[in-house]
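# Report on the structure
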Amino acid sequence: MPYLDVNGTRLHYEDAGTGPALLLLHGWGTSGRVWYSCLPDLVRDHRVVTLDWRGCGRSDHPADGNTIDGVTADLVKTIEALKIKPTVVGSSIGGVFATELALARPDLVDHVVVVDGPGYWPSTGMLDQIHDLRKQLADDRAGTVAGWAPGWFAAGAARELVDWTVRQLLDSGPYIDELFTECTTYDPRPRLKGLAVPITYLHGELDAQIPLEVPRGCAAETPGARVHVLAGCGHVPHQENPRAFTAALRTIAA
């Protein structure tokens, strides 16, 4: 399996296809496997790189560097090593990493696609939930994950898909929980006016984790930004309806 040694950490990636480059970033605690249903279509005419970012999947699970800046620095080294200038597609917190990468190094990014990303927290109640989640993971990791993950999906998602997601979350390292604390104060809106890379917010209509007002609020602060809503999908539309997701991504990337 291919690995890159990046900032003292071994990162697993998969790289297939030829054409314009896509770099796909999974959400908290999962892995590059979440994109598998999309890959057969996308690799027909794109070079597609999926990355397990630090602490997740088949990559190392170090105790250090599990911050937004730390993962963003890993992405810089990854892109430079692979010699690509990709459209960076980030799911959930992966969208935060993609946004920060584009703000810090616009020369490395062709386009950003934020998929149901937590751009900011529109209510105190949501912030309280994130703080509570961090505590619950420490007290009962398996039970907390098993109770939380089903809410990522819109009604009707296959039980097998939910169970597979839970298994990935439980395989991730516990040190990535630090990201929850950092994310409670994250809000890129004051800096988005200066974003020099095109950005699209691709969001599930029925996302119960991040409401639609979040991508719309971020897009309102970003010149030229677009919001594309995927009907009938929850927080992970690339898993819930990969056919509709890849069609939308093709439109955006084009």
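Let me begin by describing the structure that accompanies this report. (Residues numbered from 1 in each chain as written. Predicted model: local features only at pLDDT ≥ 70, side-chain atom pairs only at ≥ 80, totals over all residues. Heavy atoms only, no water.)

### Overview of the overall build of the protein
The helix and strand inventory of the protein stands at 11 helices and 8 strands. Computed over the C-alpha atoms, the radius of gyration of the protein is 17 Å, within 12% of the 18 Å expected from 2.2 N^0.38 for a compact globule of 254 residues. Seen through its principal axes, the protein has C-alpha atoms that stretch 45 × 40 × 35 Å. With 254 residues in all, the protein has 54% of them scored as buried. Contacts in the protein between residues far apart in sequence, at least 24 positions, make up 77% of those at least 6 positions apart. Summed over its atoms, the accessible surface of the protein is roughly 10300 Å², and 51% of this surface lies on carbon and sulfur atoms. Distance between charge centroids for the protein: 5 Å, based on 22 positive and 31 negative side chains. (Helix = DSSP H or I, 4+ residues; strand = E, 2+ residues; numbered from the N terminus. Rg over C-alpha atoms; globule rule 2.2 N^0.38 Å. Buried < 20%, exposed > 50% of the residue type's maximum accessible area, 1.4 Å probe, protein only. Contact = heavy atoms within 4.5 Å. Areas by Shrake-Rupley, 256 points an atom, 1.4 Å probe, with all protein chains shown as cover. Lys, Arg positive; Asp, Glu negative; His and termini not counted. Charge placed at Lys NZ, Arg CZ, Asp CG, Glu CD.)

### Some remarks on the sheet that holds strand E7 (residues 199-204)
In spatial order, the strands read E1-E2-E4-E3-E5-E6-E7-E8; together these 8 strands make up an open sheet with mixed pairing. Either end of the sheet is taken by a strand with one partner, and the two such strands are strand E1 (3-6) and strand E8 (226-230). For this sheet the average axis-to-axis angle between neighbouring strands, irrespective of direction, equals 25°. Packing of helix H3 (residues 93-104) onto the sheet brings it into contact with strand E3 (21-25), strand E5 (87-91), strand E6 (111-115) and E7, and relative to E5 it is tilted by some 145°. Here helix H11 (residues 242-253) sits on the sheet in contact with E3, E5, E6, E7 and E8, set at roughly 165° to E8. (Pairing = 2+ DSSP bridges. Axes fitted to C-alpha atoms, helices over the stretch in contact; angles between N-to-C directions.)

### A look at the packing of helix H5 (residues 141-148) against helix H6 (residues 159-171)
At their nearest, the axes of H5 and H6 sit 9 Å apart, and the two run at 145° to each other. You can see that H5 and H6 cross each other, and the crossing is right-handed. Residues Arg141, Ala142, Val145 and Ala146 of H5 touch H6, and the partners they reach there are Val166, Leu169 and Leu170. Tallied by class, the residues present in the contact of H5 with H6 amount to 6 nonpolar, no polar and 1 charged. (Left-handed = near helix turned anticlockwise from the far one by under 90°. Nonpolar A, V, L, I, M, F, W, Y, C, P; charged D, E, K, R; others polar.)

### Regarding empty space enclosed by the protein
The gaps of empty space that remain are located by a probe, the size of a water molecule, rolled over the atoms. Counted by the stated rule, this structure contains 2 cavities of 30 Å³ or more. Here the largest cavity is characterised by a volume of approximately 80 Å³. For the largest cavity, the lining is made up of 14 residues, of which Thr99, Val114, Gly119, Tyr201 and Cys218 are closest to its centre. Counting only elements with at least two residues in the lining of the largest cavity, the list comes to H3 and helix H9 (213-220). (1 Å grid on protein atoms, 1.4 Å probe; cavity = no way out; pocket = protein on both sides within 12 Å on 5 of 7 lines; lining within 4 Å. Points joined across faces, edges and corners; volume = space filled by probe spheres on them.)

### Overview of the packing of aromatic side chains
A ring pair, where both rings are aromatic, is described by two values, the distance of the centres and the angle of the planes. What the rule picks out here adds up to 6 aromatic pairs. Taking 4.8 Å as the distance between ring centres and 45° as the angle between the ring planes, the aromatic pair formed by Trp28 and Phe180 counts as tilted. Taken as a pair, Trp28 in the loop between E3 and helix H1 (39-42) and Phe180 in helix H7 (residues 178-183) lie far apart in primary sequence, 152 residues in all. An aromatic cluster is present here, built from Trp28, Trp148, Trp152 and Phe180 joined pairwise through their rings. The lysine or arginine in question, Arg10, covers the ring of Tyr3, its NZ or CZ lying 3.8 Å from the ring centre. Positioned over the ring face of Tyr120 is Arg189, at 3.6 Å from the centre of the ring. (Phe/Tyr/Trp six-rings, centres within 6.5 Å; stacked < 30°, edge-to-face > 60°. Lys NZ or Arg CZ within 6 Å of the ring centre and 35° of its normal.)

### Notes on the pattern of salt bridges
With the rule as written, the count across this model stands at 14 salt bridges. Arg47 serves as the salt-bridge partner of Asp15, at 2.7 Å between the closest nitrogen and oxygen. Of this pair, Asp15 sits in strand E2 (residues 9-16) while Arg47 sits in strand E4 (residues 47-51), placing them 32 residues apart in sequence. Here Asp15 falls in the partly exposed class, since its relative accessible area comes to 32%. We classify Arg47 as partly exposed; its relative accessible area is 21%. (Salt bridge = Lys/Arg side-chain N within 4 Å of Asp/Glu carboxyl O.)

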